[in-house]
Amino acid sequence: MDIKGQITGIKYKILLSEDLQIVEINRFNINKIPSYCLLQDGKTSFAVSKWVSPKRTRSYPYERVYNTLNISKKITVIPIIKDEGFDGDRDFLQWDTVSLMSLLDVFVIFAYYNKATKNLDYENKITDFQFDNKYIISKIKEIEQYHSSALHWNLNELKNNLHIIVDKAKQCFTKIEKQTGVKLHNPTGIENFKKKIGKDVSHFMEFSREKAKNAQSREMQTTQPKENLATQTKAKITITNYLGGQYFFTVDEVFVDKDTVYLIESKHSKQSILPSKGDIKDGLLKMILYSNLCEVEVDGKPMKSKAVLQLTSEKIHREITSEMDIGVRGDLLLINNFSQEQIWFLDALLDEAGENGLEVRITN
């Protein structure tokens, strides 16, 4: 099944964001702050989040960004390259990550690691990565004086600074390799990345799209450990936005009923009655996309679409949904022995679903 859709704008009300710890600029260190915080510089405030890898599937970066979306000016720090060592992974920034952040009006600081230590559990892996904090602060100061959109900033950084940052990352990894004695991946891979992204943003887009399509095709063949599906149905979805960006996702589960396709993002917990908050918020960022789709086609046929966040657990008795009567829902929450804290969280989650026209299902 091949699904296509467009996004012409984002309208979404967030109810589950966390309180942000306040950090003053004179005490700011990107390597020591929480994963997301509120940065204050005099009368100016920014919500800041940070990624630990350019790869979207590592460490719930979407949850970190989600928690900052209620603040008017948002910054996220993303390493453009992360080389864990020859025995580990090496990941590169992708265009669709940048495009998604631009769509959500998030300023991206494209960053590089300048320090790391040897991972004592492996012969050729490094750990304890640290960003160049002085560089991060300098870019924050630039954004503070910047009066155009996040989209304009992100595209400008890609066009004018990406190659410089790639060179800095390459130099730093060479230095880290010498200091730690850990063998890293061949540096020609970084040079190839630099050449393929070119000086034109469109080259970067095409290069990333090809990689994302390949990853999408690989994911189509697998079921992730945290997915517990009623069926094994997966489908490709390609989303085009007004920025020219394309997102190549794999929908966990798809259900077609008459003229409506249900796009189901599934999160599963084996040990608990609910998946973790991180898992749920990671899923909600995709719900922001899916709930704003228009001109949806399924195998070339126009259809309506419905975004569904499905939370599964072996401990759940009877299905609970955001669309059922609130009294019935309350009874089912009690039957399933949800704690008061879990009930408060679910009430906010289900309210968010109602505000944004999506559906939440909690089921076995």
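Note: the structure precedes this text.
Model, not experiment: these values are computed from the prediction.

Reading the values: the criteria
Residues numbered from 1 in each chain as written. Predicted model: local features only at pLDDT ≥ 70, side-chain atom pairs only at ≥ 80, totals over all residues. Heavy atoms only, no water. Helix = DSSP H or I, 4+ residues; strand = E, 2+ residues; numbered from the N terminus. Buried < 20%, exposed > 50% of the residue type's maximum accessible area, 1.4 Å probe, protein only. Contact = heavy atoms within 4.5 Å. Areas by Shrake-Rupley, 256 points an atom, 1.4 Å probe, with all protein chains shown as cover. Arc of directions from axis to C-beta. Pairing = 2+ DSSP bridges. Axes fitted to C-alpha atoms, helices over the stretch in contact; angles between N-to-C directions. Salt bridge = Lys/Arg side-chain N within 4 Å of Asp/Glu carboxyl O. Polar contact = N/O pair within 3.5 Å; in protein donor to acceptor, adjacent residues only side chain to side chain. Parallel < 35°, antiparallel > 145°, perpendicular 65-115°, else oblique. Nonpolar A, V, L, I, M, F, W, Y, C, P; charged D, E, K, R; others polar. Phe/Tyr/Trp six-rings, centres within 6.5 Å; stacked < 30°, edge-to-face > 60°. Lys NZ or Arg CZ within 6 Å of the ring centre and 35° of its normal.

Enquirer: Explanation requested: the overall build of the protein in the structure shown.
Expert: Within the protein, the secondary structure is distributed over 10 helices and 18 strands. Counting only residues that meet the buried cut, the protein has 54% of its 364 residues in that class. Within the protein, contacts between residues at least 6 apart in sequence are counted, and of these 70% link residues at least 24 apart. Within the structure as shown, the protein displays about 17,000 Å² of accessible surface, and the carbon and sulfur contribution to it stands at 47%.

Enquirer: I keep staring at helix H6 (residues 188-197) and nothing clicks. Help me out?
Expert: Because each turn of an α-helix spans 3.6 residues, side chains separated by three or four positions in sequence point in the same direction. Here H6 has its buried residues at Gly-189, Ile-190, Phe-193, Lys-194 and Ile-197. All buried residues of H6 lie within an arc of 145° about the axis, which places them on one face of the element.

Enquirer: Even after reading the chapter, I still don't get the sheet that holds strand E8 (residues 106-111), so can you show me in this structure?
Expert: In any sheet, the strands associate via hydrogen bonds between backbone groups, in a parallel or an antiparallel arrangement. Spatially, E2-E3-E4-E5-E8 is the arrangement adopted by the five strands of the open sheet, whose pairing is mixed. Each end of this open sheet is capped by a strand with a single partner; those strands are strand E2 (22-24) and E8. The sheet shows a mean angle of 30° between the axes of neighbouring strands, taken without regard to direction. Note that strand E4 (residues 44-50) and strand E5 (residues 74-79) share four bridges and pair parallel. Of the residues in E5, the one forming a bridge with Ala-47 is Lys-74. Docked against the sheet, helix H3 (residues 133-144) engages strand E3 (36-41), E4, E5 and E8, running at close to 150° with respect to E8.

Enquirer: Could you clarify how one ought to interpret the pattern of salt bridges in this entry?
Expert: Side-chain pairs of opposite charge can arise whenever the charged atoms involved come near each other. One pass over the structure, following the stated rule, counts 13 salt bridges. Two residues, Glu-18 and Lys-281, come together in a salt bridge whose shortest N-O distance is 2.8 Å. Within this pair, whereas Glu-18 is found in the loop between strand E1 (2-7) and E2, its partner Lys-281 is found in helix H8 (residues 277-290), the two being separated by 263 residues in sequence. For Lys-139, the salt bridge identified is with Glu-142, shortest N-O distance 3.3 Å.

Enquirer: Just to check I follow, could you spell out the side chain of Asp-252 for this structure?
Expert: Tracing the backbone through its elements, the reader meets Asp-252 in the loop between strand E12 (246-251) and strand E13 (253-257). Engagement of the side chain of Asp-252 in a polar contact is seen with the backbone nitrogen of Ser-266, the distance being 2.7 Å.

Enquirer: So what exactly am I meant to see when it comes to the packing of helix H5 (residues 162-180) against H6 here?
Expert: Two quantities define a packed helix pair, namely the angle between the axes and the distance from one axis to the other. It is the contact of H5 with H6, at a shortest axis distance of 10 Å, that shows an interaxial angle of 175°. Taken as axis vectors, H5 and H6 run roughly antiparallel relative to one another. Side by side, H5 and H6 meet where Leu-162, His-163, Val-166, Asp-167, Lys-170 and Phe-173 of the first sit next to Ile-190, Glu-191, Phe-193, Lys-194 and Ile-197 of the second. A per-class count over the contact of H5 with H6 returns six nonpolar, one polar and four charged.

Enquirer: Can you help me understand the packing of aromatic side chains in this one?
Expert: Think of a pair of aromatic rings as described by two things: how far the centres are apart, and how the planes are tilted against each other in angle. For the structure shown, the criterion picks out nine aromatic pairs. Look at Phe-92 and Phe-193: their rings are 4.7 Å apart centre to centre, the planes differ by 35°, and that puts the pair in the tilted class. Placement of Phe-92 in strand E7 (residues 90-92) and of Phe-193 in helix H6 is noted, with a sequence separation of 101 residues between them. For the pair shown, Phe-92 and Phe-193 are each scored as buried. An aromatic cluster of three or more residues is present, and its members are Phe-107, Tyr-146 and Trp-153. A cation over a ring is seen here: Lys-125 above Tyr-122, with NZ or CZ 4.3 Å from the ring centre.

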